[in-house]
Amino acid sequence: MEIFDVSVPIRPGMVTYPGDPTIRLERVQSIAEGATANVSRLELGVHTGTHIDAPVHFLDGSSATETLPLEVLLGPAVVVDAIAVDRLLDASAVAHLAPHGERVLFKTRNSELWRHESFQEDFVSLTGEGAAALVELGVRLVGIDYLSIGDQDAHRELLGAGVVVVEGLDLRAVEPGDYELVCAPLRLVGSDGAPARVLLLR
């Protein structure tokens, strides 16, 4: 079995979405300074790196991360080759790509954007119409290889339909095709998002 870790490493100075909190990771107890153990403190936004969005992220009063159905986070998934998409995954692009199954991960030219140390504005993203097309196809989880799946319409369309959104994937080492997905977000009560470790098995 091959195991692909498609999670972005969490580290100080990493790229975050504009306006989101930056990462702070510091040693607060040190063996070298006389402590019995090394202990660190981590501060970060819940939409840092590879993460999931909960409905309450865009739909006030709706469900939070701890309520997401576990059966959606595990199971067969398809990595769709969307590298040729220039900018927008709209309804026609979704129809052309013809994704199948309940869990769809879009591999776009975004994956190469992880090479940059600053946020890149020209990332490929899903439109509201593209999101509606995925909902119509019965998709229950959708992921993309940068820090946002798309605009407000795309988020509201997906989250309103109960689709789990996975953002910040790194699919550079993964070929398009069928895999088993393991997506394990932190169980943050009441949160609008949660960092996640995401694995693809083949």
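Residues numbered from 1 in each chain as written. Predicted model: local features only at pLDDT ≥ 70, side-chain atom pairs only at ≥ 80, totals over all residues. Heavy atoms only, no water.

As for helix 4 (residues 152-160)
It helps to recall that an α-helix has 3.6 residues per turn; residues three or four apart then point in one direction. Residues of helix 4 that are buried include every one of Ala154, His155, Leu158 and Leu159, and no others. Angularly, the buried residues of helix 4 cover 110 degrees about the axis, an arc narrow enough to put them on a single face. In the core, the buried residues of helix 4 are packed alongside strand 4 (51-53), strand 8 (125-126), helix 3 (128-136), strand 9 (141-144) and strand 10 (164-167). In the segment just after helix 4, Gly162 is the residue with positive phi, at about 80 degrees. (Buried < 20%, exposed > 50% of the residue type's maximum accessible area, 1.4 Å probe, protein only. Helix = DSSP H or I, 4+ residues; strand = E, 2+ residues; numbered from the N terminus. Arc of directions from axis to C-beta. Contact = heavy atoms within 4.5 Å.)

Concerning the environment of Thr65
Considering the arrangement of structural elements, one finds Thr65 in the loop between strand 4 and helix 1 (70-73). Considered as a pair, Thr65 and Arg187 are 122 residues apart in the sequence and their alpha carbons are 6.7 Å apart. Excluding residues within four positions of it along the chain, Thr65 makes contact with Ile52, Ala54, Leu188, Ser191, Asp192, Gly193 and Ala194.

Concerning the packing of aromatic side chains
Scanning all chains against the criterion turns up 6 aromatic pairs. Centre to centre, the rings of Tyr17 and Phe119 are 5.2 Å apart; their planes meet at 75 degrees, and the pair counts as edge-to-face. Note that Tyr17 is positioned in the loop between strand 1 (3-5) and strand 2 (24-29) and Phe119 in the loop between strand 7 (103-107) and strand 8, a separation of 102 residues in sequence. Since its relative accessible area comes to 33%, Tyr17 is described here as partly exposed. Across from the ring centre of Phe123, 5.7 Å away, lies the NZ or CZ of Arg87, which sits over that ring. (Phe/Tyr/Trp six-rings, centres within 6.5 Å; stacked < 30°, edge-to-face > 60°. Lys NZ or Arg CZ within 6 Å of the ring centre and 35° of its normal.)

Here we look at a negative patch on the surface
There is a patch of like negative charges on the surface, built from Glu129, Asp151, Asp153 and Glu157. For Asp151, the location among the structural elements is in the loop between strand 9 and helix 4. (Patch = residues over 30% accessible without salt bridge, like charges linked within 9 Å, V, L, I, M, F, W, Y side chains within 5 Å. Areas by Shrake-Rupley, 256 points an atom, 1.4 Å probe, with all protein chains shown as cover. Salt bridge = Lys/Arg side-chain N within 4 Å of Asp/Glu carboxyl O. Lys, Arg positive; Asp, Glu negative; His and termini not counted. Charge placed at Lys NZ, Arg CZ, Asp CG, Glu CD.)

A word on the nonpolar core
Membership of the largest hydrophobic core comes to 24 residues, with the highest contact counts inside it found for Leu89, Phe106, Leu126, Val142 and Leu158. Elements represented by at least two residues in this core include exactly strand 5 (74-81), helix 2 (91-97), strand 7, helix 3, strand 9 and helix 4. When near neighbours in sequence (up to four residues on either side) are disregarded, Val142 contacts Val104, Phe106, Leu134, Ile149, Leu158, Val163, Val164, Val165 and Val166. (Core = buried A, V, L, I, M, F, W, Y, C linked by side-chain atoms within 4.5 Å.)

Some remarks on the pairing of strand 11 (residues 177-185)
Two elements, strand 5 and strand 11, share 6 bridges in a ladder whose sense is antiparallel. Directly across from Val79, in strand 11, lies its bridge partner Gly177. As paired strands, strand 11 and strand 12 (residues 193-201) are joined by 6 bridges and run antiparallel to one another. Bridged to Val182 within strand 12 is Leu199. (Pairing = 2+ DSSP bridges.)

A short note on the side chain of Asn110
For Asn110, the position within the fold is in the loop between strand 7 and strand 8. The class for Asn110 is buried, based on a relative accessible area of 0%. There is a polar contact of 3.4 Å between the side chain of Asn110 and the side chain of Asp145. When residues no more than four places from it in sequence are discounted, the contact partners of Asn110 are Phe123, Val124, Ile144, Asp145 and Tyr146. (Polar contact = N/O pair within 3.5 Å; in protein donor to acceptor, adjacent residues only side chain to side chain.)

Some details on a nonpolar patch on the surface
On the surface, Ile10, Leu25 and Leu42 cluster together into a nonpolar patch covering about 250 Å² of accessible area. Summarising the element assignment, Leu42 is placed in strand 3 (residues 39-43).

As for unusual backbone geometry
Not every positive phi belongs to a glycine, and Ala98 is a case in point at roughly 50 degrees. As for its placement among the helices and strands, Ala98 is situated in the loop between helix 2 and strand 7.

A look at the side chain of Thr65
Judged by relative accessible area, which is 6%, Thr65 ranks as buried. Within the structure, Thr65 has its side chain in polar contact with the backbone oxygen of Leu188 (distance 2.5 Å).

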